[in-house]
Amino acid sequence: MKKIITIIGARPQIIKSAALSRAIKYNYSSQLTEVVVHTGQHYSELMSDVFFAELGLSQPAYNLKVGSGSHGQQTAEMMKGLETVFEKESPNAVVVYGDTNSTLAAAIVASKMHIPLVHIEAGLRSFNKSMPEEVTRVLCDHVSTLLFSPTLIGVENLKKEGFKLDNSMPFSVDNPKVYHSGDVMYDNSLYFAQKVKEVLPPYELMTLQSQPYFLGTVHRPSNTDRPTNLTSIFEAFIELTKSYPKHLIYLPLHPRTVRSMNLSFSKDFMLKIEENPQLKIIPPVSFLNMIALQQHCDLIITDSGGMQKEAYFFNKPSVVLRTETEWVEIVEEGAAITVGADKEKIIDGVKAMLSARKTHFTPLYGDGKAAEFIAKEIINHC
C-alpha cells in the first residue's frame with residue numbers, strides 16, 4: 001500500500017482534490033492511501049469547510065490553520081507545519097495543485113526532504129513573472145517527479161523549458177515524467193453537473209432561469225489591490241447594466257474583494273453600486289451553486305483561471321479581466337478574450353463575445369477520467 005499526502009489550502013484546490021480522492025476511493029483504495037493536509041490558506045467556513053461537506057470529502061487529517069499574512073510570512077508558516085507532517089507520515093509522494101502559496105510551500109519542503117512531488121496542472125504559463133502564481137508554477141514544476149499537464153500547450157511549455165518528454169523509468173526529480181493527463185476540473189464539472197438538480201431546491205434553479213444574467217468574479221490582487229483597476233472594473237459593470245437593461249450581473253465576491261471596495265471607492269460610488277438593481281453582489285457561493293450559476297448565465301466575466309475553464313466546460317463565452325492567461329487555448333478557440341482592467345475593453349469584450357455567439361467548443365481537456373489516470377500513474381511510479 002502506497003501513501004500520498006495531498007496539499008490543499010485555497011478553495012479551488014479543495015474542489016480539484018475531490019476528483020483524485022474520488023478516483024482513489026472507488027478505484028484504488030486497496031493500493032493507495034491519501035492523507036489530506038489543509039494549510040488553512042482559506043480559513044472561513046464559506047471559503048473552505050462547506051466545500052468538504054458538499055463535495056463528499058472527509059475532513060483533512062491535518063489543518064495547519066496558517067490563515068492570512070504576507071506571501072513570505074504565510075509560506076514560511078506553512079513550511080514549518082508541513083515539515084512536521086511529512087516527517088511523521090513518511091509518504092511515498094506529495095501531491096500539489098496549481099500555483100498558490102500552499103503549493104509553493106509543499107514543493108520546497110518535499111524537495112528538501114527528497115520526497116517525490118506530483119504536480120497536477122503542470123506546465124501552465126502566463127509568461128508574466130510579476131504574478132506570484134507564475135513564479136510558483138515554474139519553481140514547482142522544476143522540483144517535481146511526475147508532472148500532469150491538463151493541456152498539450154502545457155506539455156509544449158515544459159518541453160521548451162528543457163523537460164524531456166521521453167524519459168524512461170525510474171522517474172525522479174532529476175529524471176521527471178511529463179504527462180498530458182486531461183483536466184481534473186473537467187472530471188469534476190461533468191460529475192457535479194449531474195448533482196446540481198438533485199441538491200439544489202427547484203425554486204433556486206427556477207430563479208436562475210427566470211431572467212438573463214452575466215456572472216462575474218474579481219479576486220486577484222492585481223485587480224483588488226489596485227484602486228484604479230478595481231474602480232475601472234466596476235465602472236464597466238455599471239455601464240453594462242445600461243447596455244443590457246434586461247440582464248442582471250451576479251457577483252459572488254471574496255470577502256477580501258469587498259474590503260478592497262470599501263477602502264478604494266468613494267461613498268458616492270459605493271452607493272451607486274449598491275443601489276443598482278441589476279448588480280447582485282452576493283457572498284461566495286458553494287461549488288454546486290457556482291456550477292448552477294455557470295450553467296444558466298449568458299457570459300462570464302472573471303479574473304479567475306478556474307472560472308475561464310469552467311466557462312468553457314459549460315460552453316459559455318468569457319471575458320478575462322487580465323492581460324494574459326495561462327489557458328491560452330481558450331482564447332485561441334475564440335471562446336474567451338483578455339481585456340485587463342480597462343473599462344472600455346471590458347465593455348467591448350462583452351459585446352464582441354456576445355456577438356460572436358460561439359456554438360462549437362472543441363474538446364480540449366480530456367475525457368473526464370484524468371483523476372483515474374493520475375492515481376494509476378502515482379501507484380506505478382512513486
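Residues numbered from 1 in each chain as written. Predicted model: local features only at pLDDT ≥ 70, side-chain atom pairs only at ≥ 80, totals over all residues. Heavy atoms only, no water.

Asks: Any chance you could explain the sheet that holds strand β10 (residues 279-282) here in plain terms?
Replies: Backbone-to-backbone hydrogen bonds pair the strands of a sheet. The strands run either parallel or antiparallel. Across the sheet, which stays open at both edges, the six strands sit in the order β10-β9-β8-β11-β12-β13 with parallel pairing between neighbours. Of all the strands in the sheet, the pair left with one neighbour each is β10 and β13 (336-338). Taking the axes of each pair of neighbouring strands and ignoring which way they run, one obtains an average angle of 20 degrees across the sheet. Pairing between strand β8 (residues 213-217) and strand β9 (residues 248-252): three bridges, direction parallel. What sits directly across from Leu 215, in β9, is Tyr 250. Seen against the sheet, helix α10 (residues 227-243) touches β9, β10 and β11 (299-302) and runs at an angle of roughly 150 degrees to β9. Against the sheet, helix α14 (residues 305-313) makes contact with β8, β11 and β12 (318-320), and its axis sits at roughly 170 degrees relative to β11, the strand it touches most. (Pairing = 2+ DSSP bridges. Helix = DSSP H or I, 4+ residues; strand = E, 2+ residues; numbered from the N terminus. Axes fitted to C-alpha atoms, helices over the stretch in contact; angles between N-to-C directions. Contact = heavy atoms within 4.5 Å.)

Asks: Looking at this model, I keep getting lost on the packing of helix α1 (residues 11-27) against helix α7 (residues 184-199). Mind explaining?
Replies: Each pair of packed helices can be described by the angle between their axes along with the distance between the axes. Relative orientation of the contacting elements α1 and α7 amounts to 80 degrees, with a least axis distance of 8 Å. One element, α1, and the other, α7, form an angle in the roughly perpendicular class. Between α1 and α7, the contacting residues are Ile 15, Lys 16, Ala 18, Ala 19 and Arg 22 on the first element and Val 184, Met 185, Asp 187, Asn 188, Tyr 191 and Phe 192 on the second. Split by residue class, the contact of α1 with α7 holds seven nonpolar, one polar and three charged. (Parallel < 35°, antiparallel > 145°, perpendicular 65-115°, else oblique. Nonpolar A, V, L, I, M, F, W, Y, C, P; charged D, E, K, R; others polar.)

Asks: Help me out: how do you make sense of unusual backbone geometry in this one?
Replies: With the exception of glycine, most residues fall at negative phi, and the peptide bonds are largely trans. A cis amide bond, omega 0 degrees, links Met 169 with the succeeding residue Pro 170. As for its position among the elements, Pro 170 is in the loop between α6 (152-160) and β7 (177-180). At Lys 65, a position not held by glycine, the phi torsion is positive, near 50 degrees. At His 114, a residue that is not glycine, the phi angle is positive and equals roughly 60 degrees.

Asks: Looking at this structure, how should I read the state of the cysteines?
Replies: The bond known as a disulfide is covalent and runs between the sulfur atoms of two cysteines. With the rule as written, the count across this model stands at zero disulfides. Free cysteine: Cys 382, not disulfide-bonded; nearest cysteine sulfur from Cys 140 at 13 Å. (Disulfide = S-S within 2.5 Å.)

Asks: I keep staring at the nonpolar core and nothing clicks. Help me out?
Replies: In this structure, Leu 55, Tyr 213, Leu 215, Tyr 250, Phe 287, Leu 293 and Ile 330 are the most contacted members of the largest nonpolar core, which totals 40 residues. For this core, the secondary structure elements donating two or more residues are α1, α7, β8, β9, α13 (287-296) and α14. The dominant element in this core, judged by the number of residues it contributes, is α13, at six residues. If we skip the residues at most four places from it in the chain, Ile 330 touches Gln 308, Lys 309, Tyr 312, Ala 335, Ala 336 and Tyr 365. Leu 251, Phe 269, Val 350 and Leu 354 belong to the second largest nonpolar core, which has 30 residues in total. (Core = buried A, V, L, I, M, F, W, Y, C linked by side-chain atoms within 4.5 Å. Buried < 20%, exposed > 50% of the residue type's maximum accessible area, 1.4 Å probe, protein only.)

By themselves, these observations are geometric and do not establish any function.
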